Amino acid sequence: MSAEKFLLNNRKTLSFFSLVVFLASLIVGFVMKPNYGVEFAGGYIIETSTKLPKAATELIKGDLADVLIEVDKREDGQTIKLTTKTTQVELEGFKSAMGESLLSVDSISGSYGKEMQSNSFKAVIAAMLAMTLYLAIRYNTIMAGATMVALIHDLVIALGFVVFFGIEINTMTVGALMTIIGYSVNDSVVTLDKLKELLRGKVESPVLTAIKLVLPRSLITSKSTLLVLISLLLLGGEAVRGFALVMTIGVVFGTLSSLVVVTSLIERAAKNKPSVFEIPEKPSLDGDV
Amino acid sequence: MLKRISLIGLLMIPIYLAGSLLFPKYLPNNDLVAPISLGIDLKGGHRLILGVSDADIERVSQDKVIEFVKFYNDVTVSHKDADSVIFNFKKKDDAVSEDTRTTFANELPTLTLSQTDNGIVVTGLLSIKEAELAQVIKKNIDIVSSRLNALGAADISVYRQGSNKVVVELPSDTDMEYTKKILTSTSKVGLYLESNDEDAVEIPYRGMTIKRMSTPFISGEGIEDAVAIVDSQTGQPSVTVRLDSKAGKSMSEVSAKNVGKPIITTIQERIKVDGVRQQVERIASVANIGTVLDRNFVVNGMGTMEASEELALVLQSGSLKAPMEIISEQTVDARLGESNIKAGMEAFVVGMLLLFAYVIYVYRWKGVVACSTIVINASLILIALSSIGASFTLTGIAGVVLTMGVAIDANIIIFERAKELGGNIKQAFTDSFSTIIDANVTTMIAALILFNVGSIPLKGFALTLAVGIVTTVISSYFINKTIMLTILKSGEDK
């Protein structure tokens, strides 16, 4: 498969490319303002079905103009977002002006939104630390470290993408990031496992061989997952679209990072410290020593 | 041959059950498996998140200390803050009663009680804050549940989130305005005697100022039942209250000792006045004690029948231990939920079909087996979720997508391994085992942590993921292995 050849021969270029995208994402993250959905910033999300009655549109242009964040028009409805400064009276007035076309109203207080932010952040960090610990025990610390670096790389790129394109950061986005973490780690573990197996057999240039052997599987898996994601993206409807988009980026870079980033890091470490290739002999699950 | 048929038969069971969950009309299952419950973002409904403020928890701790100290000592409260309460003796040269010290040693060992020249100082309240918070939330959940039951709401969920929040989920047709009012109502009834102590509370009433004792002799605690009525004597809306036996005794004792003196009945509430939450108290009635009173009494001065009914409901369920504010409200119209599901499901099915087509293209007959294990996997997830009684949320769908990705990955690992080994499928399974376990355990760790630490939407994701990992290992490895080996053994190629 030409894709395989391409990946194998251009590892250096790909690592470089990946590094560039990573740095770009970091810069984007610091320079651009993330589009926090109401769930994280607080405020009101009002969903309506297609056309707003005249009274409601007037309010948006008039009284509500200074608390309006945005109006998102789609073919099957509109989403109106208001800041936390909207008063109850204004809100009730708007709701009654909408009448029949009102589908739902979500209200989140600013402080709760902030709490959700830090809560989600802590959850992700905690999960990552726990996984690193497990991998450090099963393999060794360098390999676990490499996996985490690759994971951070994937997340930063995904977030950079989100911020750059102004994709709204809400629960589904966080779900997508969680899924990327799961996927990336899964990928990395498969690569590491192959490496571990080759090291036991004292193979020459184990890292390269590991990549060669894992590549077919990684490519087929990625293609399969992308098929599902593209379908979700095109047919899934509003709610899952953002999710599918972020996931797609995550899968592409996740696969790339497992093959290129993790392995490059391990190779580099091995040049200085051959002990990197030593995996402590612990009773393994496959029954052999 | 028989083995193959019985195997296929066995595998059809989970698929059928899952099908019956999705299409209950066409595939009946006689309630073998409970139907899937959907989270409100998929089914529609209301989700309220109620929170308790820090200041209120402080107050709860302080009130507890005050109650204990005042029970044994004749004191007034001169100062209270986050960590301490200071009392002054009413009579000069009084001393701390021994009973107080014993009670504190037993019930509140982490607090320090000391006697000063003219009073008592209690410090260390911060140490009991966590425990008090947990108790408050627990009691509030009970009270909220009982209020919702009284309102006749069915199909509701009330549960704790984090350390200081309560989540309430209600069906779409709930009268939200009224329900919110009832849920957060802090109406408290208190019966007090008049007092001229330092810490007496002054309340204006009909042009006069009434001074009441700082603590009531009857409060919400002792109320057993409350009913809104029209008072036969005055023709006004009122609430009759029946006290429990302990409070009833207290009522008799106090009224016997104070015949001729007034009882002041007040209703307290914490409401927002111009955006600021304040404790507001009004006097419902002031009545002189004629005879010794018993367990029943009437609260007058309600104004409207509506107010009487609300107060009766709130009194019945008990007063909230600490006031709760609505910090978040989500309403999902059932229509919106339905369209979310429909679009998501369709896209997902199409995606999976494409995936199947691709896998079968690459792996031929092995691909067909792989795809069947995926279908079984999905069925098992559905059945497991409905058995646990877990709700399926929008983020749950994300969890399913990841699970399917990991599941197909497991299959691919095995097949590629078989290629490496020149076609020895049995060995491929054995070799791939540790890889698959490692990858899944790592993901499982993440799922467990997310479930414990995360907010509601993350919990939905984590649960689906955790269930999915278990079903994946079962279907993509064990069931897969069984099918493959059975097919190979019988020497037939599919």
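Residues numbered from 1 in each chain as written. Chains lettered and ligands numbered in written order. Predicted model: local features only at pLDDT ≥ 70, side-chain atom pairs only at ≥ 80, totals over all residues. Heavy atoms only, no water.

Right, let's talk about the overall build of chain A for a bit. Along chain A, the regular secondary structure elements total ten helices and four strands. Put simply, chain A runs from its N terminus to its C terminus through helices and strands in the order α-α-α-β-α-β-β-α-β-α-α-α-α-α. Counting only residues that meet the buried cut, chain A has 54% of its 289 residues in that class. Taking the intrachain contacts of chain A between residues at least 6 apart in sequence as the baseline, contacts between residues at least 24 apart amount to 77%. As displayed, chain A has an accessible area near 13,400 Å², and 65% of this comes from carbon and sulfur atoms. (Helix = DSSP H or I, 4+ residues; strand = E, 2+ residues; numbered from the N terminus. Buried < 20%, exposed > 50% of the residue type's maximum accessible area, 1.4 Å probe, protein only. Contact = heavy atoms within 4.5 Å. Areas by Shrake-Rupley, 256 points an atom, 1.4 Å probe, with all protein chains shown as cover.)

On to the confidence of the model for chain B. When pLDDT is averaged along chain B, the result is 80; 92% of the residues meet or exceed 70. In the predicted complex, the global pTM is 0.70; the interface-specific ipTM is 0.77. (pLDDT = per-residue confidence, 0-100.)

Let us look at the sheet that holds strand 12 (residues 223-230) of chain B. Residues and elements named next belong to chain B. Taking strand neighbours across the sheet as the criterion, the three strands line up as 12-13-16 in an open arrangement whose pairing is antiparallel. Since the sheet does not close on itself, it has two edges, and those belong to strand 12 and strand 16 (296-299), each with one partner. Strand-to-strand twist in this sheet, taken as the mean axis angle between neighbours without regard to direction, amounts to 25°. Inspection of the sheet shows strand 13 (residues 237-243) paired to strand 16 by four bridges, in the antiparallel sense. Note on strand 16: the bridge partner recorded for R242 is N296. Helix-sheet contacts for helix 8 (residues 305-317) involve strand 12, strand 13 and strand 16, and the interaxial angle to strand 12 is about 170°. (Pairing = 2+ DSSP bridges. Axes fitted to C-alpha atoms, helices over the stretch in contact; angles between N-to-C directions.)

The interface is formed by 58 residues belonging to chain B together with 60 residues belonging to chain A. Where chain B abuts chain A, roughly 5,200 Å² becomes buried across the two surfaces, and 68% of that area is made up of carbon and sulfur atoms. Counting the surface chain B buries against chain A, the share from its top three residues, B:Y358, B:D438 and B:T442, is 11%. At the boundary of chain B with chain A, the tally comes to four salt bridges. A salt bridge links A:R217 to B:D409; its shortest N-O distance comes to 2.7 Å. Where chain B packs against chain A, one counts ten residue pairs in polar contact (both at pLDDT 80 or more). (Buried area = accessible area lost by both parts, 1.4 Å probe. Salt bridge = Lys/Arg side-chain N within 4 Å of Asp/Glu carboxyl O. Polar contact = N/O pair within 3.5 Å; in protein donor to acceptor, adjacent residues only side chain to side chain.)

Glancing now at the environment of B:F68. Residues and elements named next belong to chain B. Looking at where F68 falls in the secondary structure, it is placed in helix 3 (residues 54-72). Put simply, F68 and F104 are 36 residues apart on the chain and 8.1 Å apart in space, counted from C-alpha to C-alpha. Contact partners of F68, with chain neighbours within four places excluded, come to T103, F104, E107 and L108.

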